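# Examining the three-dimensional arrangement
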Amino acid sequence: MTGALHAVLAAVPAAATPPPGPVDIPRDPARDAARDELSKQIYHQDDPSLFQRVFDWIVDRFADLLDKATTLAPGGPFGLVLLFALVVAAVIAVRLRLGPLRVHRTATAKDALFADARPRTAADHRAAADAHAARGAWDTAVQERLRAIVRSLEERAILDERPGRTAHEAAAEAGRSLPALAPELTAAAAVFDDVRYGAHPATAAMDATLRDLDRRCAATRPAREPAAAAPDRTPR
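In short, a report on the structure. Note that the structure is predicted; figures quoted are calculated from it, not measured.

## Structural notes on the overall build of the chain
Counting secondary structure elements, the chain contains nine helices and zero strands. Written out in order from the N terminus, the α and β elements of the chain read α-α-α-α-α-α-α-α-α. Within the chain, the proportion of its 236 residues that are buried is 23%. Total accessible area computed for the chain in this model is approximately 17,600 Å², and 63% of it derives from carbon and sulfur atoms.

Now the structure itself:
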């Protein structure tokens, strides 16, 4: 009896002890702990990539713009499609009216036949070509030969002095004034470009050909337009 009473009395304080209350964490540490927890990779496995977010932003902006255009266009979406078709038709009509587009490439310092800041005479270019040929530097000799030919034609007023002119432009213009030498001038310009831009090595034979062409150009008189016949003033 006494042992049972002691057991009952021992159990009473334990049963009467209140349960522990909730843990009270200060506000700032709680916020920091939540931020650290949410920053873990496991919570971001399904997040879109940076590219996907940028792409979605662009699509959204385009959709907004399209919505505004549809609202402003008379007739709504159908009117917008009709307006777009009219613009395309206008562009095609202008394109057909103007003909094929031509791309005009301006010769740069690298493309120009004469790259010197201070122009040199034809005699200067011939002397430079001879000096390079004497050393076997055929690439430079060939280029100087063509420069001598073109400069000589400029000095004779067969060609106008135009900075930035390419070798092919010079050959085409000179060929109109010297039609008998037009094929040789075109071939010389092709050799110049092949040597200068195509990394094709020049030879002594090329230099000799251009040297001969230089002499023939100097000895050839430019073609002249036939003079118009004077009106017949004989009394009738």
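## Points about a nonpolar patch on the surface
A surface patch of nonpolar side chains, amounting to about 430 Å² of accessible area, comprises L50, V54, W57 and I58. Along the polypeptide, I58 turns up in helix α3 (residues 50-72).

## Concerning helix α9 (residues 204-219)
With 16 residues, α9 ought to run about 22 Å at 1.5 Å a step, and its terminal C-alpha atoms sit 23 Å apart, in line with that. All of the buried residues in α9 are D207, L210, L213, D214 and C217. The arc that holds the buried residues of α9, viewed along the axis, is 120°, so those residues lie on one side. Opposite its buried face, α9 presents the exposed residues A205, T209 and A219, each directed more than 90 degrees away. Buried residues along α9 sit against α5 (122-134), α6 (138-155) and α8 (182-196).

## Quick notes on the environment of R145
Residue position: R145 is located in helix α6. For R145, a relative accessible area of 4% translates into the label buried. Expressed as a C-alpha distance, the spacing of R145 and D214, which sit 69 residues apart in the sequence, is 7.5 Å. Ignoring anything within four residues of it in the chain, the contact list for R145 reads R126, A129, D130, A133, D207, L210 and R211. Within polar-contact distance, the side chain of R145 engages the side chain of D207 at 2.8 Å.

## Notes on the nonpolar core
Formed by 24 residues in total, the largest nonpolar core has its most connected members in L113, L146 and L185. Contributing elements (two or more residues each) for this core: α6, α7 (167-177), α8 and α9. Those residues in contact with L113 that sit more than four places away from it in its chain are L146, R147, V150, R165, T166, A167, A170, F192 and R196.

## Regarding the pattern of salt bridges
What the rule picks out here adds up to 17 salt bridges. One salt bridge in this structure joins R165 and E154, with 2.9 Å as the shortest N-O distance. Taken together, the residues span a long stretch of sequence, with R165 in the loop between α6 and α7 and E154 in helix α6 at a distance of eleven residues. With its nearest N and O atoms 2.1 Å apart, the salt bridge here joins E173 to R162. Residue E173 is located in helix α7, and its partner R162 is located in the loop between α6 and α7; the two are separated by eleven residues in the primary sequence. Judged by its relative accessible area of 31%, R162 falls in the partly exposed class. When salt bridges with common partners are traced through the structure, they connect R151, E154, D160, R162, R165, E169 and E173 into a single cluster.

## A word on the packing of aromatic side chains
Overall, the coordinates contain one aromatic pair when judged by the stated rule. Seen in terms of ring centroids, F51 and F55 are 6.4 Å apart; in terms of plane orientation they differ by 20°. Their pairing is stacked. Within this pair, F51 and its partner F55 are both found in helix α3, separated by four residues, close to a single helical turn. Exposure remark for F51: the relative accessible area of 63% places this residue in the exposed category.

Thresholds, definitions, all that
For every chain, the first residue of its written sequence is number 1, and the numbers climb from 1 along that sequence. Under the rules for a predicted model, residues below a pLDDT of 70 receive no local features and side-chain atom pairs below 80 are neither given nor counted, while totals for whole chains, interfaces and linings still include all residues. Side-chain numbers here rest on the full set of heavy atoms in the structure, without hydrogens or water. A run of H or I in DSSP becomes a helix once it reaches four residues, and a run of E becomes a strand once it reaches two; helices and strands are each numbered from the N terminus. To sort residues, take the accessible area from a 1.4 Å probe on protein chains only and compare it with the maximum for the residue type: under 20% means buried, over 50% means exposed, and anything in between is partly exposed. Here the open area of atoms and residues is found with the Shrake-Rupley method and a 1.4 Å probe, where only the protein chains shown may cover a residue. Surface patches are drawn from residues lacking salt bridges whose relative accessible area is over 30%; two like charges belong together within 9 Å, two nonpolar side chains (Val, Leu, Ile, Met, Phe, Trp, Tyr) within 5 Å. Any carboxyl oxygen of Asp or Glu within 4 Å of a side-chain nitrogen of Lys or Arg constitutes a salt bridge here. To estimate the expected span of a helix, count its residues, drop one, and scale the result by 1.5 Å. The directions considered for the arc are those from the helix axis to the C-beta atoms. The criterion used for residue contact is that any of the two residues' heavy atoms lie within 4.5 Å. Nitrogen and oxygen atoms within 3.5 Å of one another constitute a polar contact, given that in protein one can donate a hydrogen and the other can accept it, and given that sequence-neighbouring residues count only through two side-chain atoms. Only buried Ala, Val, Leu, Ile, Met, Phe, Trp, Tyr and Cys residues count toward a nonpolar core, and they belong to the same one when joined by side-chain atoms within 4.5 Å. Each aromatic pair joins two rings of Phe, Tyr and Trp (for Trp, the six-membered one) with centres within 6.5 Å, and gets the label stacked for planes under 30 degrees apart, edge-to-face for over 60, and tilted for any other angle.

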